[in-house]
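Overview (structure and organization)
Read off the chains here:
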Amino acid sequence: MPVFAPKPAARLLALILLGLGLAVLGGCSSGKKVSASAMQGELPDSEVEDFSITETDSGRAQWTLFSKQAATYQAKDLVTARTVRILFFDEKGAKSSELVAREGELYQRTRDMVARGHVVLQTVEGWRMSTEEMRFSNSTRRITSDLLVRVEKEGSVLEGVGFSSDPNLEHFEFQHQVRATVQPGAARIVAPGAEGKR
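The text that follows walks through the structure, step by step, so that each part is easy to find. Model, not experiment: these values are computed from the prediction. Residue positions within a chain follow its written sequence, with the count starting from 1. Confidence filtering applies because this is a predicted model: local features only for residues at pLDDT of at least 70, side-chain atom pairs given and counted only at 80 or more, and all residues used for totals across whole chains, interfaces and linings. Side-chain measures were taken over the full set of non-hydrogen atoms in the model, leaving aside hydrogen atoms and water.

1. Structural notes on the pairing of strand β1 (residues 46–57)
Strand pairing requires that DSSP identify at least two bridges connecting the strands. By definition, any uninterrupted DSSP run of H or I lasting at least four residues is a helix, any uninterrupted run of E lasting at least two residues is a strand, and each is numbered from the N terminus. Summarising the sheet, β1 and strand β2 (residues 60–73) pair through 11 bridges and their orientation is antiparallel. Bridge pairing links Val48 to Ala70 in β2. The loop that links β1 with its antiparallel partner β2 comprises 2 residues; one of these, Ser58, has a positive phi angle of about 55°.

2. Describing the packing of aromatic side chains
Note on aromatic pairs: the rings of Phe, Tyr and Trp (six-membered ring only in Trp) are paired at centre separations within 6.5 Å, and the planes decide the class, stacked below 30 degrees, edge-to-face beyond 60, tilted for the rest. If you walk through the whole model with that rule in mind, you get 5 aromatic pairs. With 5.3 Å between their ring centres and 55° between their planes, Phe88 and Phe136 make a pair best called tilted. In this pair, Phe88 is assigned in strand β3 (residues 78–89) and Phe136 in strand β6 (residues 128–137), connecting sequence segments 48 residues apart. Measuring from ring centre to ring centre gives 6.2 Å for Phe172 and Phe174, while their planes differ by 75°; the resulting arrangement is edge-to-face. On the basis of relative accessible area, Phe172 is assigned to the buried category, the value being 11%. Owing to a relative accessible area of 14%, Phe174 belongs among the buried residues under this scheme. Among the aromatic residues, those joined into a cluster by ring pairs are Trp127, Phe163, Phe172 and Phe174. Each ring is checked for a lysine NZ or an arginine CZ that lies within 6 Å of its centre and within 35 degrees of its normal; such an atom marks a charge sitting over the ring. Here Arg85 stacks its cationic end above the ring of Phe66, 4.5 Å away from the centre of that ring. For each residue, the accessible area found with a 1.4 Å probe, counting protein chains only, is set against the maximum for its type, and the residue is called buried under 20%, exposed over 50%, and partly exposed in between.

3. Here we look at the nonpolar core
Trp63, Leu99, Met129 and Phe163 are the most contacted members of the largest nonpolar core, which has 29 residues in total. Of all elements in the fold, only β1, β2, β3, β4 (95–107), β5 (113–123), β6, β7 (142–153) and β8 (156–165) reach the threshold of two or more residues within this core. To form a nonpolar core, buried Ala, Val, Leu, Ile, Met, Phe, Trp, Tyr and Cys residues must be joined to one another through side-chain atoms within 4.5 Å.

4. Section: the pattern of salt bridges
Within this document, salt bridges are pairs made up of a side-chain nitrogen of Lys or Arg and a carboxyl oxygen of Asp or Glu, the two lying within 4 Å of each other. Applying the stated rule across the entire model yields 10 salt bridges. For Glu98, the salt bridge goes to Lys95, with nearest N and O atoms at 2.9 Å. For Arg150, the salt bridge is made with Glu152, and the minimal N-O distance between the two is 3.2 Å. When salt bridges with common partners are traced through the structure, they connect Arg128, Arg150, Glu152, Glu159 and Arg179 into a single cluster.

Next up, the structure:
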């Protein structure tokens, strides 16, 4: 039985037609683009711009979340947020660190959070942590990530997987694939708390 292979010209024409068809379909879509982490096919109960929420304990601020846009899904006990900024405060109520991310999720009952997309946490003491996804447990006040995390200060860098820390980066640890880089002339990198009690 003979096997027929399409001629190169016919194959090229089919690819061009397919590309044009996809371009037309793509140009006809309307509405907002929704990221993969948003609630697919489900309408929010409410949407707001310039959203903010503060978690307090005995009247003292623990953290404040700011977002350009937020959507609430009551059935899932969830708030999704875009262009996220979170301020964390120490025991005295002073700002200790600031986190920014492309998007995030806040679970309303537990106040646990997830930050995704170019996540950067900067402390007032000069530590900088970056990753693509980070989780915050409100009950334990711990941030964690299963992805590659980079922690740096004054040109020295620690990288690893399986990261866990407090939001001030005072006590952090990596579980796997840990690498350290010290730049010539940079201050030696020491995990916070290792130089004595603060």
